[in-house]
Amino acid sequence: MKTDHLSEIRARLWDSLEMAHVRVQLIVLAAAYAVFMLIFRFRSVPVPEIRTLMLSIVSILFLPILFFWLWRVWRIYRSPEEYVFCRTELGQPHHFPMLRGMFTFMGVVEADGSRFAVETHAIFADRGIVQPLMEDYIGRTVTIAWNRKTEMVVVIG
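Since this is a predicted model, take the numbers as computed values, not measurements. (Residues numbered from 1 in each chain as written. Predicted model: local features only at pLDDT ≥ 70, side-chain atom pairs only at ≥ 80, totals over all residues. Heavy atoms only, no water.)

Novice: Please provide a residue-by-residue account of helix α2 (residues 17–42), values included.
Specialist: Taking 1.5 Å as the rise per residue, α2 with 26 residues should run 38 Å; its terminal C-alpha atoms sit 38 Å apart, in good agreement. Those residues of α2 not exposed but buried are Leu17, Glu18, Met19, His21, Val22, Leu26, Leu29, Tyr33 and Phe40. Those residues of α2 that are buried lie in contact with α1 (5–14), α3 (48–77), β3 (102–111), β5 (124–125) and β7 (153–155). (Helix = DSSP H or I, 4+ residues; strand = E, 2+ residues; numbered from the N terminus. Expected span 1.5 Å × (residues − 1). Buried < 20%, exposed > 50% of the residue type's maximum accessible area, 1.4 Å probe, protein only. Contact = heavy atoms within 4.5 Å.)

Novice: Describe the sheet that holds strand β6 (residues 141–147), listing the residues and the values that go with them.
Specialist: Overall, antiparallel pairing links the three strands, which are arranged β1-β6-β7 in an open sheet. With one partner strand each, in any of the chains shown, β1 (83–89) and β7 form the two edges of the open sheet. This sheet shows a mean twist of 30° between the axes of neighbouring strands, independent of strand direction. (Pairing = 2+ DSSP bridges. Axes fitted to C-alpha atoms, helices over the stretch in contact; angles between N-to-C directions.)

Novice: Please provide a residue-by-residue account of the environment of Ile27, values included.
Specialist: Mapped onto the secondary structure, Ile27 falls in helix α2. Judged by its relative accessible area of 58%, Ile27 falls in the exposed class. C-alpha of Ile27 to C-alpha of Leu66: the two residues are 39 residues apart in sequence and 9.6 Å apart in space.

Novice: Give a description of the side chain of Thr150 that names residues and reports values.
Specialist: For Thr150, the position within the fold is in the loop between β6 and β7. Note on Thr150: relative accessible area 15%, which makes it buried. For Thr150, the residues in contact, after removing those within four places along its chain, are Arg75 and Arg78.

Novice: How would you sum up unusual backbone geometry? Please name residues and give values.
Specialist: Unusually for a residue other than glycine, Gln92 sits at a positive phi of about 55°. For Gln92, the position within the fold is in strand β2 (residues 91–95). One non-glycine residue, Glu151, lies in the positive phi region at around 60°. Topologically, Glu151 is positioned in the loop between β6 and β7.

Novice: Explain the pairing of β6 residue by residue, including any values.
Specialist: Burial runs high along β6: six of the seven residues are buried. As paired elements, β1 and β6 share seven bridges and run antiparallel to each other. Considered in β6, the bridge of Val84 is made with Trp146. Relative to β7, β6 is paired through three bridges, and the arrangement is antiparallel.

Novice: Report on the pairing of β3, specifying residues and quantitative values.
Specialist: Among the ten residues in β3, seven count as buried, and that is most of the element. Relative to β5, β3 is paired through two bridges, and the arrangement is antiparallel. In the strand pairing of β5, Phe103 is matched with Phe124. Relative to strand β4 (residues 114–119), β3 runs antiparallel, the two being bridged by six bridges. Bridging from a neighbouring strand, Val109 pairs with Phe116 of β4. Linking β3 back to β4 in an antiparallel pair, the connection comprises two residues, with Asp112 at a positive phi of about 55°.

Novice: Account for the pattern of salt bridges, naming residues and giving values.
Specialist: Applying the stated rule across the entire model yields three salt bridges. Between Asp126 and Arg127 there is a salt bridge, with its nearest N and O atoms 2.7 Å apart. (Salt bridge = Lys/Arg side-chain N within 4 Å of Asp/Glu carboxyl O.)

Novice: Could you give me a rundown of the side chain of Arg72, with the residues and numbers involved?
Specialist: With respect to the helices and strands, the residue Arg72 is situated in helix α3. In this structure Arg72 comes out as buried when scored by relative accessible area, which is 9%. The contacts of Arg72, once residues within four sequence positions are left out, are Glu18, Val22, His121 and Met152.

As structure tokens, this is what we get:
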């Protein structure tokens, strides 16, 4: 059975370290949102307007973050035929200022006869149970995918 080239690329993207991180984020956010909605929906609040206000506040807090991660998935899978896969050493970790304890890495992409530096997304944690851990990837050679059209960088692993 022969599979086409785009299916192989999509499968590699789905199995990537980056998509594993995104899936965890989506599951945790969706579960937390559902729990809060259920708590506030069935909690006995004497004033119905207060319950509606509480449901609205939870939605205002959770939905933009949830939509951000869905947008990230859309960006990863946009123009899959333009991805170039290459091996690179992850060096120079940089602290990502918007997320406490999260880091990005610099890597080198060799594509179309040229070499240039790219930066990964902030998927590497400095400590805790959040995976992947930064210390496991400093100086490690991994496969990354770089999209020529969108300039999206995906850490395959």
